[in-house]
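Residue strings, one per chain:
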Protein chains: 2
Amino acid sequence: MPSAECLPHDYPLMQRALERAREAAAMGEVPVAAIVYETATGNVLAEASNRRECDADPIAHAEILAIRQAARALGDWRLNDCTLIVTLEPCIMCAGAIVNARLGRVVYGAADPKAGATESLYRILEDERLNHRVTPITGVLAEESAALLREFFRGRRGARGAGRGD
Amino acid sequence: MPSAECLPHDYPLMQRALERAREAAAMGEVPVAAIVYETATGNVLAEASNRRECDADPIAHAEILAIRQAARALGDWRLNDCTLIVTLEPCIMCAGAIVNARLGRVVYGAADPKAGATESLYRILEDERLNHRVTPITGVLAEESAALLREFFRGRRGARGAGRGD
């Protein structure tokens, strides 16, 4: 169950992100994907999946790639009028990027107990000392996302559980 | 005074980073710059300054750009054998990127009381729950870095103090 009320585009776009995440798994990437859309219209500005292994890039998490693409599409580093959809709870780097980009809304699927920085290890997005805050909507298609991660890690090296902090 | 003993390349490369930061200020960017070098040899793999405004990219902090360049140069997302030099205390996003990239050493100049995530608001790099830890060396040419930031913000909109969290 989601933690708060969703907008009409959130579920279908989370479904689309899960499809992207499945494609990432097929390429040997931890299956996480993200979409940025304009909140008012549902217009998709960016979609990306994790590319750390393919690009040998430690920064190439899905959220980072989607945020960059969206900023490029808008010609502005401020994404206040946008929603970020992501299949897994963001890590510290990505939570910081969400704050830096002033994202208006954040919706995600499964929690990440090992590395998640928005409810699990930290609550970065709600830190009142920072100059931007956004309360994330959590648990949207969470079981689908967690199952995808479990299946990926089980296939790769035995059941080590979901999470990206490997 | 630095918080711990420096290696021979740390000071000259911090000087070089400060020059890069000065060039960034001339382009209207908050003056922060970073260098990644191979710890054993001093070989510089990457250097970058903040490009958020020029690129309209919320991710384009100096550390992120330098980490990506260094990973590309090595063909590996793991930077355990590298040192990151940065003129200002990293923000949450950049501290998370340092952990994700497994950086072996981190050396920085001024603290950032408003947005710093390695000693000011958080101590991300020393969090034992994460799968990589690195104790940063702080205070290296800190006054030069802080003076550069003060001068930049004073010139731009009156004295609002140092920091990147604007």
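In short, a report on the structure. The model shown is predicted, which means the values in this text are computed figures rather than measured ones. For every chain, the first residue of the written sequence is number 1, and numbering continues from 1 along that sequence. As a convention, the first chain written is A and the first ligand written is 1, with the rest following in written order. Per-residue local features are limited, in this predicted model, to residues with pLDDT of at least 70; the limit for side-chain atom pairs, both in listing and counting, is 80 or more; totals at the level of whole chains, interfaces and linings are taken over all residues. Working from all heavy atoms in the structure, the side-chain values ignore hydrogens and water.

### Side note on the state of the cysteines
Filter applied, for reference: Here, the term disulfide refers to a pair of cysteine sulfur atoms separated by no more than 2.5 Å.
All told, the structure shown has 0 disulfides over all chains when counted by the stated rule. Of the cysteine sulfurs around Cys6 of chain A, a residue in no disulfide, the closest is that of Cys82 of chain A, at 17 Å. Of all cysteine sulfurs in the structure, the one in Cys94 of chain B sits closest to Cys54 of chain B, which takes part in no disulfide; the separation is 17 Å.

### Observations concerning the relation of the copies chain B and chain A
The line we're drawing: Fitting of the copies onto one another was done by least squares over C-alpha atoms, counting residues only where both copies have pLDDT of at least 70. By the convention used here, residues are in contact when the closest approach between their heavy atoms is within 4.5 Å.
Taken as rigid bodies, chain B and chain A are interconverted by a rotation of 180 degrees and an axial shift of 0.0 Å, the fit giving an RMSD of 0.0 Å. The relationship between the two copies is best expressed as a two-fold rotation axis. Considering only C-alpha atoms, the residue of chain B closest to the rotation axis is Met93 of chain B, which sits at 2.0 Å. A shared interface surface links the copies, since 100% of the contact residues of chain B are contact residues in chain A too.

### Here we look at the pairing of strand β1 (residues 33–38) of chain A
Residue and element names in this part refer to chain A. Applicable threshold: Relative accessibility decides the category of a residue: with a 1.4 Å probe and only protein chains considered, values under 20% of the type maximum give buried, values over 50% give exposed, and everything between is partly exposed. Note on conventions: DSSP H or I runs of at least 4 residues are helices, E runs of at least 2 residues are strands, and numbering of each starts at the N terminus. Between any two strands, at least two bridges found by DSSP are needed for them to pair.
Extensive coverage of β1 is indicated by the burial of 5 of its 6 residues. Sheet topology places β1 next to strand β2 (residues 44–49); 5 bridges connect them, and they run antiparallel. By the bridge assignment for β2, Val36 is matched with Ala46. A loop of 5 residues connects β1 with β2, the two strands running antiparallel in sequence, and Gly42 in this loop sits at a positive phi of about 85 degrees.

### Details of unusual backbone geometry
Residues and elements named next belong to chain A. Here Ala56, not a glycine, exhibits a phi torsion of approximately 50 degrees, which is positive. Tracing the chain through its elements places Ala56 in the loop between α2 (52–55) and α3 (62–74). For Arg102, which is not glycine, the phi dihedral falls at a positive 55 degrees. Mapped onto the fold, Arg102 is located in the loop between α4 (92–100) and β4 (105–110). Take Arg102: its relative accessible area is 12%, and that puts it in the buried class.

### Some thoughts on the environment of Asn80 of chain A
Residues and elements named next belong to chain A. Counting through the fold element by element, Asn80 comes out in the loop between α3 and β3 (82–88). Residue classification places Asn80 among the partly exposed positions, given a relative accessible area of 41%. When the C-alpha atoms of Asn80 and Gly116 are compared, they prove to be 22 Å apart, with 36 residues separating the residues in sequence. Excluding residues that lie within four positions of it along the chain, Asn80 makes contacts with Ala101, Arg102, Gly104 and His132.

### A few points about the nonpolar core
A general feature of soluble globular proteins is that nonpolar side chains tend to end up buried together. Formally: Each nonpolar core is a collection of buried residues, namely Ala, Val, Leu, Ile, Met, Phe, Trp, Tyr and Cys, held together in the definition by side-chain atoms within 4.5 Å.
Of all hydrophobic cores here, the largest spans 90 residues; its most connected members are Ile124 of chain A together with Ile124 of chain B. Once residues within four sequence positions are removed from consideration, Ile124 of chain B is found in contact with Ile92 and Tyr122 of chain A together with Ala95, Gly96, Val99, Ala117, Thr118 and Leu130 of chain B. Of all hydrophobic cores here, the second largest spans 15 residues; its members include Met14, Tyr37, Val140 and Leu141 of chain B.

These results come straight from atomic positions and should not be treated as a statement about function.
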